[in-house]
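Now for the letters of each chain:
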Amino acid sequence: MNKDDIAQIRQLLSAPKNIVIVPHKNPDGDAIGSTLGLYHYLKKYGHNAQVITPNDYPGFLKWTPGEETILKYDSQTKICDNVIADAQIIFTLDFNAFHRTGAMEPGLEASKAIKILIDHHQEPDDYATYMYSDVSMSSTCEMIYHFIDMLGDTDKIDETIATCLYLGIMTDSGSFRFPSTTSTTHRVVASLIDKGANNSEIHNLVFDTNSYNRLQLLGRALSNLKVLPDLRTAYITLSQSELNRFDYKKGDTEGVVNYALALENIIFAAIFIEDKQEGIIKISLRSKGGFSVNEFSRAHFNGGGHNNAAGGRSESSLKGTVEKFLSILPEYKSALNYG
Ligand code: 5GP
Ligand code: MN
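Keep in mind it's a predicted model, so treat the numbers as computed, not measured.

1. Section: the site of ligand 1
Right, so step 1: Taken together, 13 residues lie around ligand 1, and His121, Ser284, Arg286, Gly304 and His306 are the ones closest in.
Right, so step 2: In this structure, Ser284 approaches ligand 1 through a side-chain N or O atom, which is 2.6 Å from an oxygen atom.
Right, so step 3: Here a nitrogen atom of ligand 1 sits 3.4 Å away from a polar atom, N or O, in the main chain of Gly305.
Right, so step 4: If ligand 1 stood free it would expose 500 Å²; the protein chains cover 83% of that surface.

Rendered as structure tokens:
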């Protein structure tokens, strides 16, 4: 984002506007933290701002300041369509293509509002009037901090905004351990703590509020773990009936794939989760080092994301999807055995 863009955006935001802020479907900590962080910032300028998520999000995000103001497109479609129709500016955060918003795609495409994209995923589509895309960033929340900074407004970041932004930096950086965590990330986080983000409490609210069933489901996932040492790959499956047995709630499988990556010598991890309602297998892929799961997912599983973390989907059965995965892997043998 260059100086001209920033000057134009500052001008745009100088008088109150109707503003909609949208994250991707199945919002995670970064999606909720960045949209609400921006929401609270825009409110300070008297804008009529509204966060609309494509659908619901996990219970461990339902303490985020302002969360109760969020409209959910799948259950409040009519109201949302009206709000989108009146929008003068639409911020799209933490995604790179309209289809990642599911059923919101046609409405966003049709809208004449000025679009501002802020995102750290690979290969963003070219729909935005203003685009702040940086794949080297730890999180969209870190980018919102820089965005507010570019607008000359870090002094407007209060405890509420700091809490939202801390949330997403923490979750997307794997609690500050992924390679995307830079010294700048730590400086931003330090500044957020200075502004009032309670780091220990936020961590606790997100990671230490599990239900008994969720931990039991994790136990089942770990006992389903399969290892392919020659391919330095490990994967986990969870069928719909296993999810049902442990009273699956949205978000319960978040982070499970990382356990497969925590194995010695493993650099590629996958989880395949059956979703009977959507009729798909949801796939999460993670890697260490140079093996790009973004490319792997784009090539074989209709998805994408980042080099070391990507999502995808398959329309075959759970068994068929795993078979496909296993049949593709040998092509990558040398890529997986580097170093
Ligand atoms: P997860 O495996 O947790 O669903 O996703 C991992 C990362 O990849 C997240 O940053 C998520 O936003 C991104 N991601 C998941 N699915 C897709 C997809 O279909 N396309 C793209 N471009 N990114 C995705
Ligand atoms: Mn993100």
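2. Focus: the UniProt feature "domain: DHHA1" (unreviewed entry) in the protein
Right, so step 1: Per the UniProt entry, the sites bearing "domain: DHHA1" (unreviewed entry) are residues 245–329 in this numbering.
Right, so step 2: Taken end to end, residues 245–329 comprises 29% helix and 28% strand; its first and last C-alpha atoms sit 31 Å apart.

3. Some remarks on the sheet that holds strand E12 (residues 309–314)
Right, so step 1: Across the sheet, which stays open at both edges, the six strands sit in the order E7-E8-E9-E10-E12-E11 with mixed pairing between neighbours. The sheet terminates laterally at strand E7 (226–228) and strand E11 (304–305), the two strands that pair on one side only.
Right, so step 2: Pairing geometry for strand E10 (residues 280–287) and E12, over six bridges, is antiparallel. By the bridge assignment, Lys282 is partnered in E12 with Arg313.
Right, so step 3: Contacts between helix H12 (residues 293–300) and the sheet are confined to strand E9 (268–275), E10, E11 and E12, with E12 contributing the most and set at about 15 degrees to the helix.

4. Regarding the UniProt feature "domain: DDH" (unreviewed entry) in the protein
Right, so step 1: Here, UniProt's "domain: DDH" (unreviewed entry) annotation points to residues 18–169.
Right, so step 2: A helix fraction of 36% and a strand fraction of 18% characterise residues 18–169, whose end C-alpha atoms lie 27 Å from each other.

5. A word on the coordination of the manganese ion (ligand 2)
Right, so step 1: For the manganese ion (ligand 2), the full set of protein donor atoms is Asp30 (OD), Asp94 (OD), His120 (NE2) and Asp172 (OD), at a range of 2.2 to 2.4 Å.
Right, so step 2: Each donor residue of the manganese ion (ligand 2) belongs to the same chain, with the gaps between them written as D-x63-D-x25-H-x51-D. Of the two residues, Asp30 sits in helix H2 (residues 29–44) while His120 sits in the loop between strand E5 (114–119) and strand E6 (130–133), which places them 90 residues apart along the sequence.

6. Comments concerning unusual backbone geometry
Right, so step 1: A positive phi angle is found at Ser175, which is not glycine, with a value near 55 degrees.
Right, so step 2: With respect to the helices, strands and loops of the structure, Ser175 is situated in the loop between helix H6 (159–172) and helix H7 (183–194).
Right, so step 3: A positive phi angle is found at Asn302, which is not glycine, with a value near 55 degrees.

7. Some remarks on the state of the cysteines
The bond known as a disulfide is covalent and runs between the sulfur atoms of two cysteines.
Right, so step 1: Enumeration over the complete set of coordinates arrives at zero disulfides.
Right, so step 2: The thiol of Cys80 is not disulfide-bonded; the next cysteine sulfur, from Cys164, is found 19 Å away.
Right, so step 3: Exposure remark for Cys80: the relative accessible area of 0% places this residue in the buried category.
Right, so step 4: Of all cysteine sulfurs in the structure, the one in Cys164 sits closest to Cys141, which takes part in no disulfide; the separation is 7.7 Å.
Right, so step 5: Owing to a relative accessible area of 0%, Cys141 belongs among the buried residues under this scheme.

8. Describing the sheet that holds E5
Right, so step 1: The strand order across the open sheet formed by six strands is E3-E2-E1-E4-E5-E6, and the pairing between neighbours is parallel. The outermost strands of the open sheet, each flanked by one partner alone, are strand E3 (71–72) and E6.
Right, so step 2: For E5 and E6, the ladder comprises four bridges, and the chain directions are parallel. By the bridge assignment, Ile118 is partnered in E6 with Tyr132.

9. Let's talk about the side chain of Ser314
Right, so step 1: Mapping Ser314 onto the fold places it in strand E12.
Right, so step 2: Look at Ser314 and you get buried, because its relative accessible area is 6%.
Right, so step 3: There is a polar contact of 3.1 Å between the side chain of Ser314 and the backbone nitrogen of Ser316.
Right, so step 4: Within polar-contact distance, the side chain of Ser314 engages the side chain of Thr321 at 2.7 Å.
Right, so step 5: Ser314 has contacts with Ile280, Ile281, Ile283, Phe301 and Thr321, leaving out every residue within four places of it along the chain.

Rules behind the numbers
- The residue numbering used here restarts from 1 in each chain and proceeds along that chain's sequence as written.
- Lettering for chains starts from A, numbering for ligands starts from 1, and both go in the order in which the items are written.
- In view of the model being predicted, local features appear only for residues whose pLDDT reaches at least 70, and side-chain atom pairs are presented and counted only at 80 or more, with totals across whole chains, interfaces and linings using the full set of residues.
- Derived side-chain values reflect all non-hydrogen atoms in the structure, with water molecules and hydrogen atoms excluded from consideration.
- Any residue with at least one heavy atom within 4 Å of a molecule or strand is counted as near it.
- Polar contact criterion, stated in full: a pair of N or O atoms within 3.5 Å, where within protein one must be able to donate a hydrogen and the other to accept it, and residues adjacent in sequence count only if both atoms are side-chain atoms.
- Reported accessibility uses the Shrake-Rupley method at a 1.4 Å probe radius. Residues are deemed covered only where the shown protein chains occlude them.
- UniProt positions are given in the numbering used here, feature names are shortened, and annotations may be inferred rather than shown by experiment.
- Helix numbering and strand numbering both begin at the N terminus, where a helix is a DSSP run of H or I of at least 4 residues and a strand a DSSP run of E of at least 2.
- Here, any two strands with at least 2 DSSP bridges between them count as paired.
- Any two residues whose heavy atoms approach within 4.5 Å at even a single point are treated as in contact.
- Note on definitions: angles span 0 to 180 degrees between N-to-C directions of axes, and those axes are lines fitted to C-alpha atoms, for helices only across the stretch in contact.
- Sodium, potassium and calcium take a 3.2 Å donor cutoff, other metals 2.8 Å, and in both cases only N, O and S atoms count; water is not among them, so sites may look incomplete.
- The disulfide criterion used throughout: a pair of cysteine sulfur atoms within 2.5 Å.
- The rule is simple: take the accessible area with a 1.4 Å probe, protein chains only, and divide by the maximum for that residue type; under 20% is buried, over 50% is exposed, in between is partly exposed.

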